[in-house]
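Below, each chain spelled out in residue letters.
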Amino acid sequence: SQASFEEDSQKQPAVRHWKPLMPSKGSKEEPETGCQDAGGADETQSTEQLNVSRLRSSSVEIREKGSEFLKEELHKAQKELKLKDKECERLSKVREQLEQELEELTASLFEEAHKMVREANTKQAASEKQLREARGKIDMLQAEVTALKTLVITSTPSSPNRELHPQLQSPSKAVFRKGHGRNKSTSSAMVSAASQNVTPEPVSHERKEVDSVLFAEFQAWKESPTLDKSCSFLDRIYREDVGPCLDFTKQELSELVRVAVEQNTLTIEPIASQTLPVVKVSAEECGGPKKCALSGLPRTCKHRIMLGDSGNYYYISPSCRARITAVCNFFTYIRYIQQGLVRQDVELMYWEVMRLRREMSLAKLGFYPSEM
C-alpha cells in the first residue's frame, strides 16, 4: 500500500509558478503582470487542494485494500486452524482406537495362553492317569502270569495238578470245570491254590433253568463288556452280591477293601509265610492273630491282607477271607471275559457267573470250606 502511494505521488506533475526576473518595457504591462500573479496564486492553491484530496482518497483506498487483505489472511488462517483441529481430533480418535484394539488383543492373547495351559494340564493329568492304569494292568498281568507259572510248576507226573488236567478229575467235576481253568487270586498263588479247592455240589444232583431277565442283562453286557457298575448287569450284582458280601462291621475298612478289590490291588497272604515287617498301624486297627480286623471279633486269623502298596496289613478270619475271595473270583472272571480270554459259549459263561454269584451268597451267609 505504501508502495502504491509513493507511485501515485510520483505520477502527479509538479505545478510551479515562474516569476519574470525583469519587468517588461512600458508601464502598461505592469498591471497585466499583477493580474497574472494573482491568477497563478489561485491556480497553485487549487492544485494543492486537489493533490491533498487525491492523497486522502488514496490513503482511504489503501486502508480499505489493506483491511480486505488482512481479513482474507485472517479467514485463511481460521480455515487452516479448523482443518488442523479436525486433523488432531481424527488422529486422537485413531490413537484411542489403536489403544483399545491393543488392549483387546493383549487380553485375548492372555486368555488363549491360559486356555492352552489348562488344556496342557488336563492332557498331562489324563496321560498320567492312563499311565497309572497301564502300570496297574501290567502288575495284574504279571501277578496272574506268576500264579499260572506256579500252577504249572506244581504239576508233575507224580503229582499232577487236576485243574490243568481235567481228564484226571471225576466225570461230574470234569463237566463242571469244562472249558475254563483260571487263577482265582488277585495277587497270590497260594490264595489261588486254596480258592481252587472250593468244590460246589455236583451238577448231576441239581437242576437249573436260565432266568430270562438275568440272561438278557448278561447278553447285553457281553456285547460290550465293561467294569462300569452303572450297567444293569453289574448294578444288580453289586446290589445283590458284592455289596452285601463286602459289608463288614468295620465300615471304613470295608470300603477300602471294596475299592482295592475293584482296582485289583488286594493281596492276601498266609500268616505263616510272613517275611515283611510288622504292620504300620496300631493293633486295634489291624487286628491280630486272635482278632479279625474286619469283623472286630476274636477269631483265629490264618491270613492277612494288604491294600495296594500301603504296606499296612490287616489280619482277617477265615469267614472274611472266604467272602473276599468269592468277590475276587467273580471280578477275575469278568475281567477275563472283558479281555477276551474266555472262549466259551455265552450260556456256559452265564452259568459260570451264576456259580460265582452263588459262592458270594454262601460266603455272605457264613458258609466256607474247611481249608479256609
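Residues numbered from 1 in each chain as written. Predicted model: local features only at pLDDT ≥ 70, side-chain atom pairs only at ≥ 80, totals over all residues. Heavy atoms only, no water.

Peer 1: So what's going on with the packing of aromatic side chains? Which residues, and what values?
Peer 2: Using the criterion set out here, one finds 8 aromatic pairs in the structure. Seen in terms of ring centroids, Phe-330 and Phe-331 are 5.6 Å apart; in terms of plane orientation they differ by 75 degrees. Their pairing is edge-to-face. In terms of burial, Phe-330 and Phe-331 fall into one category: buried. Put simply, the rings of Phe-215, Phe-218, Trp-221, Phe-233, Tyr-350 and Trp-351 pair up and form one aromatic cluster. A cation sits over an aromatic face here: Lys-208 above Trp-351, 4.7 Å from the ring centre. Across the ring face of Tyr-238, the terminal group of Lys-229 is positioned such that the distance to the ring centre comes to 5.1 Å. (Phe/Tyr/Trp six-rings, centres within 6.5 Å; stacked < 30°, edge-to-face > 60°. Buried < 20%, exposed > 50% of the residue type's maximum accessible area, 1.4 Å probe, protein only. Lys NZ or Arg CZ within 6 Å of the ring centre and 35° of its normal.)

Peer 1: Describe in detail the sheet that holds strand 3 (residues 313-316), supporting the description with residues and values.
Peer 2: The 3 strands are arranged 1-2-3 in an open sheet whose pairing can be described as antiparallel. Each edge of the sheet is formed by a strand with only one pairing partner; in this case those strands are strand 1 (266-270) and strand 3. Averaged over all pairs of adjacent strands, the angle between their axes in this sheet comes to 30 degrees, without regard to strand direction. Looking at chain direction, strand 2 (residues 303-307) and strand 3 are connected through 4 bridges and run antiparallel. Its bridge partner being in strand 3, Ile-305 is matched across the sheet by Tyr-314. The sheet contacts of helix 9 (residues 318-338) involve strand 1, strand 2 and strand 3, and relative to strand 1 the element is tilted by about 140 degrees. (Pairing = 2+ DSSP bridges. Helix = DSSP H or I, 4+ residues; strand = E, 2+ residues; numbered from the N terminus. Axes fitted to C-alpha atoms, helices over the stretch in contact; angles between N-to-C directions. Contact = heavy atoms within 4.5 Å.)

Peer 1: I'd like a description of the nonpolar core, backed by residues and values.
Peer 2: The nonpolar side chains of a soluble globular protein tend to be buried, and buried together. Ranked by size, the top nonpolar core spans 48 residues in total, and within it Val-242, Leu-266, Leu-294, Ile-305, Ile-324 and Phe-330 carry the most contacts. Residue assignment for this core shows that the elements contributing at least two residues are helix 5 (212-223), helix 6 (232-245), helix 7 (251-262), strand 1, strand 2, strand 3, helix 9 and helix 10 (346-365). Looking at which element gives the most residues to this core, the answer is helix 9, with 11 residues. Not counting chain neighbours up to four residues away, the residues in contact with Leu-294 comprise Phe-248, Thr-249, Lys-250, Leu-253, Ser-254, Val-257, Ile-316, Cys-320 and Ile-324. (Core = buried A, V, L, I, M, F, W, Y, C linked by side-chain atoms within 4.5 Å.)

Peer 1: How would you sum up the packing of helix 5 against helix 10? Please name residues and give values.
Peer 2: Running from N to C, helix 5 and helix 10 cross one another at 115 degrees; their axes reach a closest spacing of 11 Å. Judged on the interaxial angle alone, helix 10 and helix 5 are roughly perpendicular. Helix-helix and strand crossings are classified by hand; for helix 5 and helix 10 the assignment is right-handed. Mapping the contact onto sequence places Leu-214, Phe-215, Phe-218, Gln-219 and Lys-222 in helix 5 and Val-346, Glu-347, Met-349, Tyr-350, Val-353, Met-354 and Arg-357 in helix 10. In terms of residue class, the contact of helix 5 with helix 10 is built from 8 nonpolar, 1 polar and 3 charged. (Parallel < 35°, antiparallel > 145°, perpendicular 65-115°, else oblique. Left-handed = near helix turned anticlockwise from the far one by under 90°. Nonpolar A, V, L, I, M, F, W, Y, C, P; charged D, E, K, R; others polar.)

Peer 1: Just give me the short version of the packing of helix 9 against helix 10, but keep the residues and values in it.
Peer 2: Running from amino to carboxyl end, helix 9 crosses helix 10 at an angle of 165 degrees, the nearest separation of the two axes being 8 Å. One way to sum up the angle between helix 9 and helix 10 is to call them roughly antiparallel. Between helix 9 and helix 10 the crossing geometry is left-handed. Along its contact with helix 9, which presents Ala-322, Arg-323, Ala-326, Val-327, Asn-329, Phe-330, Tyr-333 and Ile-337, the element helix 10 presents Met-349, Glu-352, Val-353, Leu-356, Glu-359, Met-360, Ala-363 and Lys-364. Counted by class, the contact of helix 9 with helix 10 contains 11 nonpolar, 1 polar and 4 charged residues.

Peer 1: Please provide a residue-by-residue account of a nonpolar patch on the surface, values included.
Peer 2: A cluster of nonpolar side chains, Leu-362, Leu-365 and Phe-367, forms an exposed patch at the surface whose accessible area comes to about 340 Å². Among the structural elements, Phe-367 can be located in the segment after helix 10. (Patch = residues over 30% accessible without salt bridge, like charges linked within 9 Å, V, L, I, M, F, W, Y side chains within 5 Å. Areas by Shrake-Rupley, 256 points an atom, 1.4 Å probe, with all protein chains shown as cover. Salt bridge = Lys/Arg side-chain N within 4 Å of Asp/Glu carboxyl O.)

Peer 1: So, the pairing of strand 1: which residues are in play, and what are the values?
Peer 2: Buried residues dominate strand 1, accounting for 5 of its 5 residues. Bridging between strand 1 and strand 2 involves 5 bridges; their strand directions are antiparallel. For Thr-267, the partnering residue across the bridge sits in strand 2 and is Met-306.

Peer 1: So what's going on with the confidence of the model for the protein? Residues and values would help.
Peer 2: Averaged over all residues, the pLDDT of the protein is 77; the fraction at 70 or higher stands at 70%. Within the model, the stretch residues 11-31 combines pLDDT values under 50 with 8 contacts to residues more than four positions away or in other chains. Scored below 50 in pLDDT, residues 164-203 makes 81 contacts in the model with residues more than four places away or belonging to other chains. (pLDDT = per-residue confidence, 0-100.)

Peer 1: Tell me about the pattern of salt bridges, and name the residues and values.
Peer 2: Tallied over the entire structure, the rule returns 13 salt bridges. Of the charged contacts, one joins Arg-90 and Glu-87 as a salt bridge, the two residues approaching to 2.5 Å between their closest N and O atoms. With a gap of 3 residues between them, Arg-90 and Glu-87 both fall in helix 2 (residues 29-153), about one helical turn apart. Glu-87 sits in the partly exposed class, given a relative accessible area of 37%.

Peer 1: For the pairing of strand 3, give the residues involved together with the corresponding values.
Peer 2: The alternating pattern of strand 3 places Tyr-313 and Tyr-315 and Tyr-314 and Ile-316 on opposite faces, both of which are buried. If you look at the hairpin formed by strand 2 and strand 3, you'll find 5 residues sitting between the two strands, and Gly-308 has a positive phi there, around 70 degrees.

Peer 1: An account of helix 7 is needed here, citing residue identities and associated values.
Peer 2: Along an α-helix, residues three or four apart share an orientation, since each turn contains 3.6 residues. If you check helix 7, its first and last C-alpha atoms are 17 Å apart, about what 12 residues at 1.5 Å a residue would give, namely 16 Å. Where helix 7 is buried, its residues contact strand 1, strand 2, strand 3 and helix 9. (Expected span 1.5 Å × (residues − 1).)

Peer 1: Give a detailed account of unusual backbone geometry, specifying residues and quantitative values.
Peer 2: Its identity as a non-glycine residue notwithstanding, Asn-264 has a phi of 60 degrees, on the positive side. Along the chain, Asn-264 turns up in the loop between helix 7 and strand 1. In this structure Asn-264 comes out as buried when scored by relative accessible area, which is 12%.

Peer 1: Describe the environment of Glu-269, listing the residues and the values that go with them.
Peer 2: Mapped onto the fold, Glu-269 is located in strand 1. Take Glu-269: its relative accessible area is 19%, and that puts it in the buried class. Through-space distance from the C-alpha of Glu-269 to that of Tyr-315 is 9.6 Å; in sequence the pair is 46 residues apart. Non-local contacts of Glu-269, meaning those with residues more than four positions away in its chain, are made with Lys-302, His-303, Arg-304 and Tyr-313.

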